[in-house]
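Coordinate analysis (summary)
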Amino acid sequence: MKAYDFRGRAPIYQTVVYTLLVLVLIIVLIPFLYVVFASFATKQEILTRGFFLIPRVWTTNAYAYLMVNQNFLTSFKNSTIIAIAGTTISMTLTTLMAYGLSKTWLKGRKLLNFMVLFTMLFSGGIIPLYLLVRGLNLLDSYWSLFLTGAIAPFNLIVIRSSFQNFPTEIEESARIDGCSEFGLLWKIVLPLSKPVLATFTLFYTVDYWNSYFSSILYLTSAEKMPLQVFLRQMLIQPSENMGPAVEGLEFSPAVRMAAVVFTAIPLLVVYPFLQKYFNQGMLLGSVKG
């Protein structure tokens, strides 16, 4: 049977693929652009005009309202603290554990690797985890967020695999020169593992920045709630329940749009700097198990 030759149809295939990708991009981009531009529109225009992309009257009152709203500023600060501290703790613990488990001479390595894989496949459940956090007196503390999500099994496995792919010749040369195990990790392994570390740093940052369910589960004080909880309250509560005008600025649908934009800005700013490491970082950890 003669094999079918697809080489002549390559331009048609590429055209179809690019057309579909452009359509998907438009479908994804239009709602985002609407949220951005609606945040600069007036209350009357949003309520009467319906869908639009370019406001007739531009105003920054929505952003000005958020900038003087103490609840928003507090929640934004809380999310920043949670994201920075949580990512630092998670990457430190994940990297140290992954480096240890990547060593074939480590006693009990297979058992520990199995335990990590088991926790990725089977979860203890919300209620046992909540009881554990309460038993450790961590309720209404940011440590309840940091410790319960400190090490993601999938992230650990990929980083461990990346360390396993590290050339043993370099490690042996460093040990001959008198480099300690921690010095080997800090001075040689980590600098050469920037792609995979940058990739999972962003993964952890996104998880902590978007922390919602864990926050409402473990945190009880309103002044400790992150931005995602504030955003949900703002989106579901009627406008009349958001309080009086602040310094002459009233709450409007544009304020909701501006809050969504503010929530997305930090990740949109960080992503371009780490995007170049994504493909390389994931591939480095998937070559060897």
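Residues numbered from 1 in each chain as written. Predicted model: local features only at pLDDT ≥ 70, side-chain atom pairs only at ≥ 80, totals over all residues. Heavy atoms only, no water.

Inclusion rule: UniProt positions are given in the numbering used here, feature names are shortened, and annotations may be inferred rather than shown by experiment.
The protein chain goes by Carbohydrate ABC transporter permease in an unreviewed UniProt entry, where it is assigned to Paenibacillus radicis. Reading the Subcellular location (unreviewed entry) entry of the UniProt record for the protein chain gives the comment "Cell membrane". The UniProt entry for the protein chain carries this comment under Sequence similarities (unreviewed entry): "Belongs to the binding-protein-dependent transport system permease family."

1. What to know about the overall build of the protein chain
Stated formally: Segments assigned H or I by DSSP are reported as helices when at least four residues long, segments assigned E as strands when at least two residues long, and all are numbered from the N terminus. Whether a residue is buried, partly exposed or exposed follows from its accessible area with a 1.4 Å probe, protein chains only, as a fraction of its type maximum: under 20%, in between, or over 50%, in that order. By definition in these notes, contact holds between two residues if any of their heavy atoms fall within 4.5 Å. Residue-level accessible areas treat just the shown protein chains as cover; the underlying method is Shrake-Rupley with a 1.4 Å probe.
Helix and strand counts for the protein chain stand at 15 helices and zero strands. Across the 289 residues that make up the protein chain, the buried fraction comes to 37%. Of the contacts made within the protein chain by residues no fewer than 6 positions apart, 72% connect residues no fewer than 24 positions apart. Put simply, the protein chain shows about 17500 Å² of open surface, and 68% of that area lies on carbon and sulfur atoms.

2. A look at the packing of helix 4 (residues 70–101) against helix 11 (residues 194–209)
Test applied: Axes here refer to lines fitted to C-alpha atoms; in helices the fit is confined to the stretch in contact. Angles between the N-to-C directions go from 0 to 180 degrees. In this scheme, roughly parallel covers angles under 35 degrees and roughly antiparallel covers those over 145, while 65 to 115 is roughly perpendicular and the rest are oblique. Two helices cross in a left-handed way if the nearer one is turned anticlockwise from the farther one by less than a right angle. They cross in a right-handed way if the turn is clockwise. Ten residues, namely Ala, Val, Leu, Ile, Met, Phe, Trp, Tyr, Cys and Pro, are considered nonpolar, four, namely Asp, Glu, Lys and Arg, are considered charged, and the remaining ones, Gly among them, are considered polar.
The interhelical angle for the contact between helix 4 and helix 11, taken along N-to-C directions, is 140 degrees, at an axis separation of 8 Å. Comparing their axes, helix 11 and helix 4 come out oblique. The element helix 4 and its partner helix 11 pack so that their crossing is right-handed. Across the interface between the two elements, F76, S79, T80, I82, A83, G86, T87, S90, M91, T94 and T95 from helix 4 touch L197, F200, T201, Y204, T205, Y208 and W209 from helix 11. The residue inventory of the contact of helix 4 with helix 11, partitioned by class, reads nine nonpolar, nine polar and no charged.

3. Thoughts on the UniProt feature "transmembrane region" (unreviewed entry) in the protein chain
Mapped onto this numbering, the UniProt entry annotates "transmembrane region" (unreviewed entry) at residues 12–38, 50–68, 80–99, 111–131, 143–163, 184–206 and 254–274. Helix and strand shares over residues 111–131 are 81% and 0% respectively, and the end C-alpha atoms of the span are 26 Å apart. For residues 184–206, the end-to-end C-alpha separation is 29 Å, with 83% helix and 0% strand making up the annotated structure.

4. Section: the packing of aromatic side chains
Applied cut-off: Two rings from Phe, Tyr or Trp (for Trp, the six-membered ring) form a pair when their centres sit within 6.5 Å of each other. Planes less than 30 degrees apart are called stacked, planes more than 60 degrees apart edge-to-face, and all others tilted.
Going through the model one piece at a time under the given rule, you end up with 22 aromatic pairs. Pairing F37 with W58 gives two aromatic rings, centres 6.0 Å apart and planes at 90 degrees, and the pair type is edge-to-face. In this pair, F37 sits in helix 1 (residues 10–38) while W58 sits in the loop between helix 2 (43–49) and helix 3 (61–67), placing the two residues 21 residues apart along the sequence. F37 gets classed as partly exposed once you look at its relative accessible area, which sits at 21%. Relative to Y208, the ring of F146 has its centre 6.3 Å away and its plane inclined at 70 degrees; by these criteria the two rings are edge-to-face. Of the two residues, F146 is situated in helix 7 (residues 143–148) and Y208 in helix 11; the sequence distance between them amounts to 62 residues. Considered together, F146 and Y208 belong to a single accessibility category, that of buried residues. An aromatic cluster is built from F37, F40, W58, Y63, F72, F76, W209, F230 and F262, whose rings are joined through pairwise contacts.

5. A word on a nonpolar patch on the surface
The condition is simple: Note that patches include only residues with greater than 30% relative accessible area and no salt bridge, and the join distances are 9 Å for like charges and 5 Å for nonpolar side chains (Val, Leu, Ile, Met, Phe, Trp, Tyr). Definition used for salt bridges: Asp or Glu carboxyl oxygen within 4 Å of a side-chain nitrogen of Lys or Arg.
A cluster of nonpolar residues, I12, V16, L20, V22, L23, I26, I30, F51, L53, I54 and W58, forms a patch on the protein surface that exposes about 1000 Å² of accessible area. The class for I54 is partly exposed, based on a relative accessible area of 49%.

6. Here's the deal with the side chain of K103
Which entries qualify depends on this criterion: As used in this structure description, the phrase polar contact means that two N or O atoms lie within 3.5 Å; if the pair is within protein, one of them must be able to donate a hydrogen and the other to accept it, and residues adjacent in sequence are counted only when both atoms belong to side chains.
As for its position among the elements, K103 is in the loop between helix 4 and helix 5 (109–121). Among the residues examined, K103 registers a relative accessible area of 6% and is labelled buried. Side chain to side chain, K103 and E171 meet in a polar contact 2.9 Å long. What K103 contacts, discounting residues up to four positions off in sequence, is R109, E171, R175 and E181.

7. Quick notes on the nonpolar core
Side chains that are nonpolar tend, in soluble globular proteins, to be buried together. What counts, and what does not: Here, nonpolar core refers to any group of buried Ala, Val, Leu, Ile, Met, Phe, Trp, Tyr and Cys residues whose side-chain atoms link them within 4.5 Å.
Among the nonpolar cores identified, the biggest contains 59 residues, and L66, L145, F146, F163, V189, M234 and V255 are the most heavily contacted of them. If near-sequence neighbours (up to four positions away) are discounted, F163 is found in contact with T95, A98, Y99, S102, V189, L190 and S193.

8. Side note on unusual backbone geometry
Phi is positive for N137, which is not a glycine, with a value near 60 degrees. Following the sequence through the fold, N137 ends up in the loop between helix 6 (126–135) and helix 7. Of the residues examined, N137 reaches a relative accessible area of 67% and is grouped as exposed. For D140, which is not glycine, the phi torsion reads 60 degrees and is therefore positive. As for its position among the elements, D140 is in the loop between helix 6 and helix 7. Residue classification places D140 among the buried residues on the basis of a relative accessible area of 18%.

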